Amino acid sequence: MLYRDAPTVEVSTLIEGATVDQVWDLVTDITLPTRAAGELESTEWVGDPGVAVGARFRGTNTAEHLGTWVGECEITEVDPGRRWVWQVGPAAGGDPWATWAFEVEPSSKGTIVRQWARLGPGPSRLSEFIQANPAKESRLITHRLTDWRNGMQANLDLIRTTLT
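Residues numbered from 1 in each chain as written. Predicted model: local features only at pLDDT ≥ 70, side-chain atom pairs only at ≥ 80, totals over all residues. Heavy atoms only, no water.

Enquirer: Even after reading the chapter, I still don't get the overall build of the chain, so can you show me in this structure?
Expert: Assigned secondary structure in the chain consists of three helices and seven strands. When its helices and strands are written in sequence order, the chain yields β-α-β-β-β-β-β-β-α-α. Taken against the 2.2 N^0.38 rule, which gives 15 Å for 164 residues, the C-alpha radius of gyration of the chain at 16 Å falls within 12% of a compact globule. Dimensions of the chain, computed from C-alpha atoms along their principal axes, come out at roughly 50 × 35 × 25 Å. (Helix = DSSP H or I, 4+ residues; strand = E, 2+ residues; numbered from the N terminus. Rg over C-alpha atoms; globule rule 2.2 N^0.38 Å.)

In structure tokens form, the structure reads like this:
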């Protein structure tokens, strides 16, 4: 697995009995992941708040091997009630460090919620570690995606417990 291939991770779950509107309200709350297990510690809107294309927010993260950093995020796609996508960094333009999204869709039993994330293609803190340890690239990426998967699963678990 190589960074330049923009590896992606995704989790999804069915929230039984929940409506799309209920789930949408939670997945568009940028503070939701700060209340679940994971590396995101705080978030704040930069400018006007709200999930809309071009809106910006800032997140402070801490990870064991990467330290603490702030990511500037810009919302790049919104399909109201269905999907929103944001890119992280760099603050001065250029290729993003990562792209993240939440998606919701109705089900006969409730609502399916999905969160996914893709590394790169822009250089990030992780790519600095890879440059210093090129023989460990695949292992470093696998570890990072596992951390992301665990955090995303915690987000979906929090949505489920909030709505059921």
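So that's the structure; there's more coming.
Enquirer: In this structure, what is going on with the packing of helix 2 (residues 125–132) against helix 3 (residues 137–163)? I would like to understand it.
Expert: The angle between the axes and the distance between the axes are what describe a pair of packed helices. Relative to each other, helix 2 and helix 3 sit at 155°, their axes nearing to 9 Å. As far as their axial angle goes, helix 3 and helix 2 are roughly antiparallel. Note on packing geometry: the crossing formed by helix 2 with helix 3 is right-handed. Only Glu137, Leu140, Ile141 and Arg144 of helix 3 make contact with helix 2, whose side of the interface consists of Leu126, Phe129 and Ile130. The residue makeup of the contact of helix 2 with helix 3, split by class, is five nonpolar, no polar and two charged. (Axes fitted to C-alpha atoms, helices over the stretch in contact; angles between N-to-C directions. Parallel < 35°, antiparallel > 145°, perpendicular 65-115°, else oblique. Left-handed = near helix turned anticlockwise from the far one by under 90°. Contact = heavy atoms within 4.5 Å. Nonpolar A, V, L, I, M, F, W, Y, C, P; charged D, E, K, R; others polar.)

Enquirer: Got a minute to help me understand the pairing of strand 4 (residues 67–79) in this structure?
Expert: The side chains of a regular strand alternate, residue by residue, between the two faces of the sheet. The pairing of strand 3 (residues 56–63) with strand 4 spans eight bridges and is classified as antiparallel. In the strand pairing of strand 4, Asn61 is matched with Trp69. Linkage of strand 3 to strand 4, two consecutive antiparallel strands, is achieved through a turn of three residues. Pairing between strand 4 and strand 5 (residues 83–88): six bridges, direction antiparallel. Paired with Ile75 across the strands is Trp86, a residue of strand 5. (Pairing = 2+ DSSP bridges.)

Enquirer: Looking at this model, I keep getting lost on the pattern of salt bridges. Mind explaining?
Expert: Working definition: two side chains of opposite charge can pair if their charged atoms are close together. Using the criterion set out here, one finds 12 salt bridges in the structure. With its nearest N and O atoms 2.9 Å apart, the salt bridge here joins Glu74 to Arg56. One end of the pair, Glu74, is in strand 4; the other, Arg56, is in strand 3, and 18 residues separate them in sequence. Residue classification places Glu74 among the partly exposed residues on the basis of a relative accessible area of 34%. On the basis of relative accessibility, which here comes to 23%, the residue Arg56 falls in the partly exposed class. Among the ionic pairs, Asp157 bridges to Arg160, the shortest N-O distance being 3.2 Å. (Salt bridge = Lys/Arg side-chain N within 4 Å of Asp/Glu carboxyl O. Buried < 20%, exposed > 50% of the residue type's maximum accessible area, 1.4 Å probe, protein only.)

Enquirer: Teacher, can you tell me more about the nonpolar core here?
Expert: The nonpolar side chains of soluble globular proteins are, as a tendency, buried together. Counting 37 residues, the largest nonpolar core has Val27, Trp84, Trp86, Val113, Trp148 and Ile159 as the members making the most contacts within it. Where this core is concerned, the elements lending two or more residues are strand 1 (8–16), helix 1 (20–27), strand 4, strand 5, strand 6 (98–107), strand 7 (110–119), helix 2 and helix 3. A total of eight residues in this core trace back to one element, the largest contributor, which is helix 3. For Trp148, the residues in contact, after removing those within four places along its chain, are Val9, Glu39, Ala98, Trp100, Ala117, Arg118 and Leu119. (Core = buried A, V, L, I, M, F, W, Y, C linked by side-chain atoms within 4.5 Å.)

By themselves, these observations are geometric and do not establish any function.
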